Amino acid sequence: MELFACAYCASALTRPVSRVRFPPYAHHQIGNGVQLPALMDAGSYAVDPDPFGPPWRPWSELTEDEAEARGYYAAVHHWVSDGAAGRILLAPGDDIGTALILDRADGSCCGLTAHGGPNLACARCGHPVGAREDDCSFWQAFWLEPDAVRAVPAGPEPPVADWTVVVHERFAVPPIDADGRWNHRCGQEICATVVDLIVAADGTPVVFDDEEAATVFDRALSHYLVGAEGPAKHCALHGPGRPPAARHPALALVPRHPQTGRPWPTPPGVTGVPLDVEVWRRLAFPRTRSAVRVPGPLRAEIDRDDPPSPRRRGAVWFDPWLIRDLLARHPTVRRPAVQAAHRAGEEFRWY
């Protein structure tokens, strides 16, 4: 594990934390006025592989090489960061040694954003070191600038959880809310998997062998893979505790380990498509309830506590801006089929 210290005075800025995969949707807003939770779990951190933060440049000014250096392989309709890569993302609760820079605390709407640069300073020496982000529609996060901090060893890494623990015991909070929709984080993870499915399909239709997976992914893929031709690629759920697929699939949705970021291995000849473990677990082991015949209408207090109908379970709001941005960042977007999916994102107007 590491803790991050101020590069100027060596004062500790964070608690000991362990590195995990960087969530590719960390910079994407959700809705308008939506209050989002902390993106990172306490005790973890991630490193942004791409530049982010000021100064910003319009896409039209970038050469192809400059765009690739910033992680883009297709056009985007927004400004692109000309800042540094390697910013460090943590949970707000792991901040122990910073103070707010008051003249940079005006925020945007209901709180602070990190788009304008550092708004936090080292509480001991006063040098700007990072930013707090908690405005509405933004993930609550604590960011550190790579050139303002240094990592200090802080003990051994926590033990890696066994897959049985990860899949069946690790997470207690249901990923689907009372309205039958996936929570915001799982919804963004599903969007990231849609991109991986588009790339893996490469212009061919995808048929899901599992009804739960089809319910989640079919509608989005029917839009992005419009005009797909050739024999369909079958996609099955594969992973710990799952029986072998009835047929040999071309694609397999496999869980991604929340600590290591490594996906569950697939059999030879099968392309693995990583999926967030919470989403995978819900699809692989759906919680169904059998119908109970009750004479007459239910009493009001029983009806109020009755779970939502299974027909509503698992509704997803697909974020067209996130999907289009992730496709633009994928090198395969230059293939004709993936390029067509990227263009189809411009016409995405539902959900």
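The preceding data block contains the structure.
Nothing here was measured: the structure is a model prediction, and the numbers come from that model.

Definitions and limits used
Residues numbered from 1 in each chain as written. Predicted model: local features only at pLDDT ≥ 70, side-chain atom pairs only at ≥ 80, totals over all residues. Heavy atoms only, no water. Helix = DSSP H or I, 4+ residues; strand = E, 2+ residues; numbered from the N terminus. Buried < 20%, exposed > 50% of the residue type's maximum accessible area, 1.4 Å probe, protein only. Contact = heavy atoms within 4.5 Å. Areas by Shrake-Rupley, 256 points an atom, 1.4 Å probe, with all protein chains shown as cover. Axes fitted to C-alpha atoms, helices over the stretch in contact; angles between N-to-C directions. Parallel < 35°, antiparallel > 145°, perpendicular 65-115°, else oblique. Left-handed = near helix turned anticlockwise from the far one by under 90°. Nonpolar A, V, L, I, M, F, W, Y, C, P; charged D, E, K, R; others polar. Core = buried A, V, L, I, M, F, W, Y, C linked by side-chain atoms within 4.5 Å. Pairing = 2+ DSSP bridges.

This part is about the overall build of the protein. Counting its regular elements, the protein contains eight helices and 15 strands. The buried share of the protein, taken over its 351 residues, is 46%. Restricting to contacts in the protein with at least 6 residues of sequence separation, those with at least 24 account for 68%. A total accessible area of about 17,600 Å² is found for the protein, and carbon and sulfur atoms account for 53% of it.

The subject of this paragraph is the packing of helix H7 (residues 320-328) against helix H8 (residues 336-344). When two helices pack together, their arrangement is given by the angle between the helix axes and the distance between those axes. The geometry of H7 relative to H8 is characterised by a closest axis approach of 9 Å and an angle of 150° between their N-to-C directions. The orientation of H7 relative to H8 falls into the category roughly antiparallel. Handedness of the crossing formed by H7 with H8: left-handed. Residues Arg324, Leu327 and Ala328 of H7 form the contact with H8, whose own contacting residues are Val338, Ala341, His342 and Arg343. Within the contact of H7 with H8, the residues separate by chemical class into four nonpolar, one polar and two charged.

On to the nonpolar core, then. With 71 residues, the main nonpolar core has Trp182, Leu197, Phe208, Phe217, Leu221, Leu253 and Leu283 as its most contacted residues. At 11 residues, helix H3 (residues 184-201) tops the list of elements feeding residues into this core. In contact with phenylalanine 217, not counting residues within four places along its chain, are Ile190, Thr193, Val194, Leu197, Phe208, Leu253, Leu275 and Leu283.

What follows covers the sheet that holds strand S15 (residues 271-276). Reading across from one edge, S12-S13-S14-S15 is the order of the four strands in this open sheet, with parallel pairing throughout. If you trace the sheet from one side to the other, it starts and ends with strand S12 (206-208) and S15, each paired once. Taken pair by pair, the neighbouring strands of this sheet meet at an average axis angle of 35°, ignoring direction. As defined by bridge partners, strand S14 (residues 251-256) adjoins S15 across six bridges and the pair is classed as parallel. Paired with alanine 252 across the two strands is glycine 272, which belongs to S15. Packing of helix H4 (residues 211-224) onto the sheet brings it into contact with S12, S14 and S15, and relative to S12 it is tilted by some 160°. Along the sheet, helix H5 (residues 277-284) makes contact with strand S13 (233-237), S14 and S15, crossing S15 at roughly 105°.

All right, on to the environment of arginine 247 then. Positionally, arginine 247 belongs in the loop between S13 and S14. On the basis of relative accessibility, which here comes to 45%, the residue arginine 247 falls in the partly exposed class. Considered as a pair, arginine 247 and alanine 236 are 11 residues apart in the sequence and their alpha carbons are 8.9 Å apart. With residues near it in sequence (within four places) discarded, arginine 247 still touches Asp209 and His234.

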